[in-house]
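One-letter residues, chain by chain:
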Amino acid sequence: MAMKGIVKAINPQRGMVAIQTDGNGYTIIELLANTDIHLGDEMAWENDTGLGSEIYLNRTQGRKMEVYVQNHWVNANQLRQQLLL
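Residues numbered from 1 in each chain as written. Predicted model: local features only at pLDDT ≥ 70, side-chain atom pairs only at ≥ 80, totals over all residues. Heavy atoms only, no water.

Colleague: Looking at this structure, how should I read the side chain of N58?
Modeller: For N58, the position within the fold is in strand β5 (residues 52-58). Among the polar contacts listed, one links the side chain of N58 to the side chain of D41, at a separation of 2.9 Å. Excluding anything up to four places from it in sequence, N58 contacts D36, I37, D41, E42, M43, R63 and M65. (Helix = DSSP H or I, 4+ residues; strand = E, 2+ residues; numbered from the N terminus. Polar contact = N/O pair within 3.5 Å; in protein donor to acceptor, adjacent residues only side chain to side chain. Contact = heavy atoms within 4.5 Å.)

Structure representation (C-alpha coordinates):
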(Lines give C-alpha, C1' and ligand atoms only; values in the text may rest on other atoms or scores of the structure.)
Protein backbone atom coordinates (compact mmCIF):
# COMPACT_ATOMS: atom_id res chain seq x y z
CA MET A 1 0.00 0.00 0.00
CA ALA A 2 1.38 3.45 -0.92
CA MET A 3 1.90 5.80 2.01
CA LYS A 4 2.55 9.52 2.38
CA GLY A 5 3.21 11.93 5.19
CA ILE A 6 4.78 15.18 6.34
CA VAL A 7 8.17 15.54 8.08
CA LYS A 8 7.31 16.74 11.60
CA ALA A 9 10.53 16.20 13.61
CA ILE A 10 14.23 15.74 12.86
CA ASN A 11 17.20 14.74 15.03
CA PRO A 12 20.03 16.14 12.86
CA GLN A 13 22.82 14.67 15.03
CA ARG A 14 21.51 11.14 14.46
CA GLY A 15 19.91 11.62 11.04
CA MET A 16 16.56 10.46 12.42
CA VAL A 17 13.29 11.76 10.95
CA ALA A 18 9.65 11.43 12.05
CA ILE A 19 7.04 11.49 9.28
CA GLN A 20 3.43 12.03 10.36
CA THR A 21 0.98 9.93 8.36
CA ASP A 22 -2.81 10.25 8.12
CA GLY A 23 -4.31 8.11 10.85
CA ASN A 24 -1.25 5.87 11.25
CA GLY A 25 0.89 7.87 13.70
CA TYR A 26 4.50 8.43 12.68
CA THR A 27 7.00 6.54 10.56
CA ILE A 28 10.59 6.82 11.80
CA ILE A 29 13.41 6.75 9.27
CA GLU A 30 17.17 7.13 9.45
CA LEU A 31 18.93 8.98 6.64
CA LEU A 32 21.70 6.90 5.05
CA ALA A 33 23.45 9.86 3.44
CA ASN A 34 23.81 13.55 4.20
CA THR A 35 20.42 14.23 2.66
CA ASP A 36 18.81 17.65 2.66
CA ILE A 37 15.41 17.19 4.32
CA HIS A 38 13.28 19.82 6.06
CA LEU A 39 10.34 20.10 8.42
CA GLY A 40 7.18 20.23 6.31
CA ASP A 41 8.58 18.20 3.40
CA GLU A 42 6.01 15.78 1.96
CA MET A 43 7.30 12.22 1.71
CA ALA A 44 5.88 9.17 -0.11
CA TRP A 45 6.80 5.48 -0.07
CA GLU A 46 5.36 2.19 -1.28
CA ASN A 47 5.63 -0.21 1.64
CA ASP A 48 3.62 0.60 4.79
CA THR A 49 5.21 -2.24 6.77
CA GLY A 50 8.73 -2.42 5.33
CA LEU A 51 11.67 -2.04 7.69
CA GLY A 52 15.33 -1.63 6.84
CA SER A 53 16.58 -0.19 3.57
CA GLU A 54 13.81 1.41 1.47
CA ILE A 55 13.46 4.09 -1.21
CA TYR A 56 11.39 7.15 -0.21
CA LEU A 57 10.35 10.04 -2.44
CA ASN A 58 10.64 13.59 -1.13
CA ARG A 59 7.71 15.04 -3.10
CA THR A 60 8.52 18.60 -1.98
CA GLN A 61 12.02 18.41 -3.47
CA GLY A 62 11.16 15.98 -6.28
CA ARG A 63 13.88 13.44 -5.50
CA LYS A 64 14.24 9.88 -4.26
CA MET A 65 16.44 8.88 -1.35
CA GLU A 66 17.52 5.64 0.25
CA VAL A 67 16.59 5.53 3.93
CA TYR A 68 16.64 2.98 6.74
CA VAL A 69 13.14 2.52 8.16
CA GLN A 70 13.22 2.09 11.93
CA ASN A 71 9.52 1.87 12.82
CA HIS A 72 5.92 2.48 11.73
CA TRP A 73 2.72 3.47 13.60
CA VAL A 74 4.57 5.32 16.38
CA ASN A 75 2.33 7.51 18.55
CA ALA A 76 3.27 11.08 19.49
CA ASN A 77 4.27 10.32 23.08
CA GLN A 78 6.99 7.92 21.82
CA LEU A 79 8.67 10.36 19.39
CA ARG A 80 11.48 11.56 21.66
CA GLN A 81 12.50 7.98 22.43
CA GLN A 82 12.22 6.87 18.78
CA LEU A 83 14.28 9.85 17.54
CA LEU A 84 16.93 9.25 20.21
CA LEU A 85 16.50 12.76 21.63
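Colleague: What should I look at first to understand the pairing of β5 in this one?
Modeller: Within a regular strand, the side chains alternate between the two sheet faces. Here strand β4 (residues 42-45) runs beside β5; their pairing, made up of 2 bridges, is antiparallel. Within β5, the residue paired with A44 across the bridge is L57. In textbook terms, the turn of a hairpin is the stretch between consecutive antiparallel strands, and for β4 and β5 this stretch comprises 6 residues. Pairing of β5 with strand β6 (residues 63-74) involves 7 bridges; the strand directions are antiparallel. Its bridge partner lying in β6, L57 is registered against K64. Connecting β5 to the antiparallel partner β6 that follows it, the hairpin turn spans 4 residues, and G62 within it adopts a positive phi of roughly 70°. (Pairing = 2+ DSSP bridges.)

Colleague: I'm lost on unusual backbone geometry in this one. Help?
Modeller: Trans peptide bonds make up the majority, and among non-glycine residues the majority have a negative phi. Residues other than glycine seldom take positive phi values, yet W73 does so here, at roughly 55°. Tracing the chain through its elements places W73 in strand β6. Positive phi outside glycine occurs at L84, with the angle close to 55°. Following the sequence through the fold, L84 ends up in the segment after α1 (79-82).

Colleague: Hey, could you run me through the environment of W45 in this one?
Modeller: You can see W45 is positioned in strand β4. Along the sequence, W45 and R80 sit 35 residues apart, while their C-alpha atoms lie 23 Å from each other. For W45, the side chain forms a polar contact with the side chain of Y56, separated by 3.5 Å.

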